[in-house]
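Fold and contact review
Okay, here's what each chain looks like letter by letter:
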Amino acid sequence: MSTAVVTGASSGIGAATARRLVAEGFDVVLAARREDRLRALVDELGSDRARAVVTDVTEPASVDALAASVEECSVLVANAGGARGLDPVDELDEDDWRWMWEANVLGLARTVKALLPRLEASGDGRVVAVTSIAGHQIYVGGAGYTGAKHAAAAMVDTLRIELLGRPVRVIEIAPGMVETEFSTLRFAGDAERAAAVSEAIRPLTGEDVADAIAYAVTRPSYMVVSRMDLMPLGQASARDVHRET
Ligand SMILES: NC(=O)c1ccc[n+]([C@@H]2O[C@H](COP(=O)([O-])OP(=O)(O)OC[C@H]3O[C@@H](n4cnc5c(N)ncnc54)[C@H](OP(=O)(O)O)[C@@H]3O)[C@@H](O)[C@H]2O)c1
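Please read these numbers as outputs of a predicted model, since none were measured by experiment. (Residues numbered from 1 in each chain as written. Predicted model: local features only at pLDDT ≥ 70, side-chain atom pairs only at ≥ 80, totals over all residues. Heavy atoms only, no water.)

Overview of the overall build of the protein chain
Stated formally: Numbering of helices and strands runs from the N terminus; a helix is a DSSP stretch of H or I covering at least four residues, while a strand is a stretch of E covering at least two. Any residue under 20% of the maximum accessible area for its type is buried, any over 50% is exposed, and the rest in between are partly exposed; the area is computed with a 1.4 Å probe on protein chains only. Here, residues are in contact when the closest pair of their heavy atoms is within 4.5 Å. Per-residue accessibility takes into account occlusion by the displayed protein chains alone, with areas from the Shrake-Rupley method and a 1.4 Å probe. We treat Lys and Arg as the positive residues and Asp and Glu as the negative residues; His and chain ends play no part in the count. All charge positions are set by atom: Lys at NZ, Arg at CZ, Asp at CG, Glu at CD.
Each helix and strand counted, the protein chain has eight helices and nine strands in total. Its C-alpha atoms give the protein chain principal-axis dimensions of about 50 × 40 × 35 Å. Of all 245 residues assigned to the protein chain, the portion counted as buried reaches 51%. In the protein chain, once contacts between residues fewer than 6 apart in sequence are set aside, the share between residues at least 24 apart is 68%. As displayed, the protein chain offers around 11500 Å² of accessible surface, 51% of which is attributable to carbon and sulfur atoms. Between the averaged position of the 25 positive side-chain charges in the protein chain and that of its 36 negative side-chain charges there is a distance of 4 Å.

Written out as structure tokens, the structure reads:
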């Protein structure tokens, strides 16, 4: 039996990925801060296949406790993260930037570090880091987020080299626009501003990203999907979006 740990499993891409990995035959460990959401997903997926571990990836002790609760793990989907604000550098909010760095960079690094022994022991470990096209491109107002995701992408590339010769595949999934709670969080609950992001464009869904993740982790063990960029038809780059008005 293969177990997949999914961080950020309480909504969006992470919840869709957990559902899809159960359908692919994995048992899943669901990690995020909102316990009620995790419990609801366990109820949906069945407690024989899914387990919730309340986790805050910005807290080292919390990530260590997650790893300690996992006996066996062949797949880690390190997906927890997000953006806060859209402020230009000369108006930066340090608390927002610190959170983005903690969640998207250190959170990713400490989760990988904590679970790597289990992944390696499985004999066919797979680390899936959900970064973003913001890890490879920039846009005005996005420096706090693009800086953090660039750091995450650089770390993922470094990790792949550091693990050469060891049985762990390092996979980066870099989505463009996906309809989730991402923009609501970015704009501190401002639903109108969040809705405007995907106005007159059909964004990807969490299920679309989960589909790519499922593809990547189910390839034969000699094949590494090192990176996939996923974009909706109406988006050509982090800055170029066509809206059907
Ligand atoms: N949506 C997009 O357009 C898009 C595009 C590219 C990349 N991404 C990336 O995709 C990933 C998933 O985001 P999403 O779009 O699915 O947005 P979402 O619906 O807001 O989901 C974010 C998830 O991360 C979890 N999370 C946030 N901070 C956490 C923390 N400190 N500890 C543990 N879990 C934490 C949240 O759970 P709790 O709040 O319950 O902790 C939630 O489950 C993120 O890394 C995001 O940067 C999103």
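There's more to say after this.
Focus: the sheet that holds strand β4 (residues 75-78)
Operational definition: Each pair of strands is called paired provided DSSP finds at least two bridges between the two strands. To define axes, lines are fitted to C-alpha atoms, for helices over the stretch in contact only, and angles between the resulting N-to-C directions are given on a 0 to 180 degree scale.
Taken in spatial order, the seven strands make up an open sheet running β3-β2-β1-β4-β5-β6-β9, and their pairing is parallel. Edge positions in the open sheet fall to β3 (50-54) and β9 (227-230), since each of these has one partner strand only. On average, each strand axis in the sheet is tilted by 15° relative to the strand beside it, whichever way the strands run. Summarising the sheet, strand β2 (residues 27-32) and β3 pair through five bridges and their orientation is parallel. By the bridge assignment, valine 29 is partnered in β3 with arginine 51. The sheet contacts of helix α5 (residues 143-162) involve β5 (125-130) and β6 (168-175), and relative to β6 the element is tilted by about 155°.

So, α5
It helps to recall that an α-helix has 3.6 residues per turn; residues three or four apart then point in one direction. Test applied: Helix span, as expected, comes to 1.5 Å for every residue beyond the first.
Over its 20 residues, α5 runs 28 Å from end to end, which matches the ideal 28 Å to within 8%, given 1.5 Å per residue. Those residues of α5 not exposed but buried are Gly144, Tyr145, Thr146, Ala148, Lys149, Ala151, Ala152, Ala153, Val156 and Leu159. Buried residues along α5 sit in contact with α4 (94-121), β5, β6 and α6 (182-186).

Describing the side chain of asparagine 79
Note that asparagine 79 resides in the loop between β4 and α4. Exposure remark for asparagine 79: the relative accessible area of 10% places this residue in the buried category. Leave out the neighbours within four places in its chain, and asparagine 79 touches Thr7, Gly8, Ile13, Gly14 and Val130.

Structural notes on the site of the ligand
Put simply, the test is: Residues are labelled near a given molecule or strand when at least one of their non-hydrogen atoms is within 4 Å of it. In protein, a polar contact means a hydrogen-donor-capable atom and an acceptor-capable atom, both N or O and within 3.5 Å, with residues adjacent in sequence counting only if both atoms are side-chain atoms; elsewhere, any N or O pair within 3.5 Å suffices. Asp, Glu, Lys and Arg are counted as charged, while Ala, Val, Leu, Ile, Met, Phe, Trp, Tyr, Cys and Pro are counted as nonpolar; the rest, among them Gly, fall into the polar class.
What surrounds the ligand is a group of 30 residues, the closest being Ser10, Ser11, Arg33, Tyr145 and Thr180. Residue serine 11 places a side-chain N or O atom 2.8 Å away from an oxygen atom belonging to the ligand. Compared with its free state, where it exposes 880 Å², the ligand has 96% of that area covered by protein. Breaking the shell around the ligand down by element, the ones donating at least two residues are α1 (12-23) and α5. Counted by class, the shell around the ligand contains 12 nonpolar, 13 polar and five charged residues.

The values reported here are purely geometric and, on their own, carry no functional implication.
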